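Spelled out from the first residue to the last, the chains are:
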Protein chains: 2
Amino acid sequence: MKKVSLGGCDRANPVLPFGFWLPRKLVEGRMYTWNDKPYRCPVEVAFAAVGGKWKCLILWHLHLDKMRFKELERVVPGVSQKMLTQQLKEMERDGLIVKTVFPEVPPKVEYELTERGHSIFPILEQMHGWAIAQFDLKKSAEDE
Amino acid sequence: MKKVSLGGCDRANPVLPFGFWLPRKLVEGRMYTWNDKPYRCPVEVAFAAVGGKWKCLILWHLHLDKMRFKELERVVPGVSQKMLTQQLKEMERDGLIVKTVFPEVPPKVEYELTERGHSIFPILEQMHGWAIAQFDLKKSAEDE
DNA sequence: CCGAATCCCAACTGATACTG
DNA sequence: CAGTATCAGTTGGGATTCGG
């Protein structure tokens with residue numbers, strides 16, 4: 001039962017997540033705004049940025065190398081064009097990836113990670129290790 | 001543009017997220033099963049476990065100390081009874097928290113983190129730091 | 001005090017068809 | 001090749017009511 005030091009926090013004056021402290025009345029309202037939406041904690045912002053349905057897979061592939069749209073569609077199993085477009089747009093808006101359009105026929109578009117996009121990778125790797133260790137995950141497909 | 005070592009991975013034989021490698025045909029199917037649902041990557045399992053709408057706030061408060069249902073309702077701003085119950089149940093099922101029911105009138109129920117629940121905390125703290133650093137988050141409420 | 005059960009609306013997701 | 005547009009199905013979440 002580890003405790004974190006909080007310097008006089010009590011339940012009547014609740015603390016805010018992860019090192020922040022505010023008196024009660026401020027806890028009631030919204031705390032952070034990101035992309036025009038309210039969040040109660042920066043961790044929620046992080047989840048919103050990289051926790052989308054296909055985002056961790058996309059991030060992982062782009063961490064290896066830049067890729068074209070069609071390549072991503074192939075290596076992210078089960079994603080639809082619509083969802084892939086949507087998730088890529090969001091991550092571009094959030095500064096995680098950059099898109100390069102080549103003025104050619106047929107069109108060619110490449111996606112690659114920004115520094116910010118690369119910077120989340122160590123955390124994703126830790127989540128990977130945590131999930132493997134805690135939940136004893138096994139592959140359900142079988143090699144043959 | 002950092003690269004991770006992959007030992008001969010190419011796009012025709014795509015690798016799987018975060019250190020796993022599988023031939024193409026296996027990429028097509030599901031890879032992991034958790035709570036009877038398919039996931040393509042352990043990171044997705046981690047997000048499913050702790051990425052729920054209110055879970056990081058609940059985890060944070062329970063990391064400080066065990067709490068009763070009503071206390072949690074008070075310190076998690078905006079949560080409804082239904083959602084609080086639902087999220088607590090999921091995390092109990094996933095072994096992140098334990099519930100203790102005291103046979104009293106009126107009822108008394110306490111929630112506290114398990115070892116597994118505590119073990120995710122360092123990762124959440126890193127996500128907190130990452131979001132703060134990357135997105136320049138500011139509190140939208142004002143102290144006075 | 002601690003929920004379970006129900007209803008209902010909004011958001012998300014997928015399939016399909018179409019375009020430059 | 002790299003998207004957009006549209007529609008339909010599913011899920012998520014809030015409000016309310018009821019029970020132990």
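Residues numbered from 1 in each chain as written. Chains lettered and ligands numbered in written order. Predicted model: local features only at pLDDT ≥ 70, side-chain atom pairs only at ≥ 80, totals over all residues. Heavy atoms only, no water.

Caption draft 1: The arrangement of helix α7 (residues 121-135) of chain B in detail. All names here are of chain B. For α7, with 15 residues, the first-to-last C-alpha span of 21 Å sits near the 21 Å given by 1.5 Å per residue. When we look at burial in α7, the residues that qualify are F121, I123, L124, M127, H128, W130, A131 and F135. Positioned one or two residues after α7, D136 has a phi angle of 50°, which is positive. (Helix = DSSP H or I, 4+ residues; strand = E, 2+ residues; numbered from the N terminus. Expected span 1.5 Å × (residues − 1). Buried < 20%, exposed > 50% of the residue type's maximum accessible area, 1.4 Å probe, protein only.)

Caption draft 2: Representation of the protein's contact with DNA strand C within the structure. In the vicinity of DNA strand C, 17 residues are found, and the nearest of them are A:K53, A:K82, B:K70, B:T85 and B:Y111. Backbone atoms, meaning sugar plus phosphate, form 57% of the atoms of DNA strand C positioned within 4 Å of the protein. B:P107 is positioned with one of its backbone polar atoms (N or O) 3.3 Å from a sugar or linking oxygen of DNA strand C. Within the side chain of B:Y111, an N or O atom sits 2.5 Å from a phosphate oxygen of DNA strand C. Sorting the residues of the surface near DNA strand C by element identifies α5 (81-93) of chain A together with α4 (69-75), α5 (81-93) and β7 (108-113) of chain B as the ones contributing at least two each. Considering each element in turn, the surface near DNA strand C owes the most residues, four residues, to α5(B). Its residues assigned to classes, the surface near DNA strand C shows eight nonpolar, two polar and seven charged. (Near = heavy atom within 4 Å. Polar contact = N/O pair within 3.5 Å; in protein donor to acceptor, adjacent residues only side chain to side chain. Nonpolar A, V, L, I, M, F, W, Y, C, P; charged D, E, K, R; others polar.)

Caption draft 3: Molecular detail of the pattern of salt bridges. Residue and element names in this part refer to chain B. The final tally for this structure, using the stated rule, is eight salt bridges over all chains. Notably, a salt bridge pairs K70 with E73, separated by 3.4 Å at the nearest N-O pair. In this pair, K70 and E73 both sit in helix α4, three residues apart, roughly one turn of the helix. (Salt bridge = Lys/Arg side-chain N within 4 Å of Asp/Glu carboxyl O.)

Caption draft 4: Representation of the sheet that holds strand β6 (residues 97-102) of chain B. Residues and elements named next belong to chain B. The strand order across the open sheet built from three strands is β5-β7-β6, with neighbouring strands paired in antiparallel fashion. Bordering the open sheet on either side are β5 (67-68) and β6, each of which pairs with just one other strand. Relative to β7, β6 runs antiparallel, the two being bridged by six bridges. Along β7, the bridge assignment pairs I97 with L113. Together, β5, β6 and β7 form the strand contacts of helix α3 (residues 55-64), whose direction differs from that of β7 by roughly 95°. (Pairing = 2+ DSSP bridges. Contact = heavy atoms within 4.5 Å. Axes fitted to C-alpha atoms, helices over the stretch in contact; angles between N-to-C directions.)

Caption draft 5: Structural context of the environment of A:V45. Tracing the backbone through its elements, the reader meets A:V45 in helix α2 (residues 42-50). Looking at A:V45, the relative accessible area reads 0%, which means it is buried. Considering only alpha carbons, one finds A:V45 and A:T100, 55 residues apart in sequence, at a separation of 26 Å. In this structure A:V45 touches A:W34, A:Y39, B:A131, B:F135 and B:L137, once residues within four positions along its chain are discounted.

Caption draft 6: Expanded view of the UniProt feature "domain: HTH hxlR-type" (unreviewed entry) in chain A. According to UniProt, the positions carrying the feature "domain: HTH hxlR-type" (unreviewed entry) are residues 41-139 of chain A. For residues 41-139 of chain A, helix accounts for 60% and strand for 14%, while the C-alpha atoms at its two ends are 34 Å apart. (UniProt positions renumbered as here; feature names shortened; annotations may be inferred.)

Caption draft 7: Structural view of the protein's contact with DNA strand D. In the region of DNA strand D, 19 residues are neighbours, and A:Q81, A:K89, A:Y111, B:K82 and B:P107 sit closest. In DNA strand D, atoms within 4 Å of the protein come from the sugar-phosphate backbone in 60% of cases. A:K89 has a polar side-chain atom sitting 2.9 Å from a phosphate oxygen of DNA strand D. Taking A:P107, its main chain carries an N or O atom lying 3.2 Å from a sugar or linking oxygen of DNA strand D. The set of elements that each furnish at least two residues to the surface near DNA strand D consists of α4 (69-75), α5 and β7 (108-113) of chain A together with α5 of chain B. Counting residues per element, the surface near DNA strand D draws most heavily on α5(A), at four residues. Here the residues of the surface near DNA strand D are counted per class, giving eight nonpolar, three polar and eight charged.

Caption draft 8: Representation of the packing of helix α7 (residues 121-135) of chain A against α7(B) within the structure. Contact geometry of α7(A) with α7(B) gives a least axis separation of 10 Å together with a crossing angle of 165°. Between α7(A) and α7(B), the angle is such that the two are roughly antiparallel. Between α7(A) and α7(B) the crossing geometry is left-handed. On α7(B), the residues touching A:I123, A:Q126, A:M127 and A:W130 of α7(A) are B:I123, B:Q126, B:M127 and B:W130. Tallied by class, residues from the contact of α7(A) with α7(B) come to six nonpolar, two polar and no charged. (Parallel < 35°, antiparallel > 145°, perpendicular 65-115°, else oblique. Left-handed = near helix turned anticlockwise from the far one by under 90°.)

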